[in-house]
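So the chains spell out like this:
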Amino acid sequence: MSERKSYKTDLSDEQWALVEPVIIAWKGAHPSVSGHQGRYAMREIVNALLYQGRTGCQWELHPARRQGPEGGPADGR
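Just so it is clear, the model here is predicted, and its values are computed rather than measured. (Residues numbered from 1 in each chain as written. Predicted model: local features only at pLDDT ≥ 70, side-chain atom pairs only at ≥ 80, totals over all residues. Heavy atoms only, no water.)

S.K.: Describe in detail the side chain of Asn 47, supporting the description with residues and values.
M.R.: Mapped onto the secondary structure, Asn 47 falls in helix α2 (residues 42-55). Given the relative accessible area of 4%, Asn 47 is considered buried. Look past the residues within four positions of Asn 47 in its chain and what remains in contact with it is Arg 4, Thr 9, Asp 10 and Leu 11. (Helix = DSSP H or I, 4+ residues; strand = E, 2+ residues; numbered from the N terminus. Buried < 20%, exposed > 50% of the residue type's maximum accessible area, 1.4 Å probe, protein only. Contact = heavy atoms within 4.5 Å.)

S.K.: Lay out the pattern of salt bridges in plain terms, naming residues and giving numbers.
M.R.: Side-chain pairing between opposite charges can occur once the charged atoms of the two side chains come close. One pass over the structure, following the stated rule, counts one salt bridge. Note that Asp 13 and Arg 43 form a salt bridge whose closest N and O atoms lie 2.9 Å from each other. Within this pair, whereas Asp 13 is found in helix α1 (residues 13-29), its partner Arg 43 is found in helix α2, the two being separated by 30 residues in sequence. Look at Asp 13 and you get exposed, because its relative accessible area is 55%. (Salt bridge = Lys/Arg side-chain N within 4 Å of Asp/Glu carboxyl O.)

Geometry only, nothing functional implied.
Rendered as structure tokens:
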């Protein structure tokens, strides 16, 4: 995964140290039926949820999704 710009809503390392064990425990108690392990880091998912909750931004308008390949729009327009 490439480095991305951090946002004010991102978890600090200290906050993540508190949240991570809870997520790991939940995932351990609720394994995927298909065995899928997930494509994205859980910290990035939590950061995205916090950003969206704070800004109210529509997912399609999320700043990290605005640039597609070769710098064009992500939706191909």
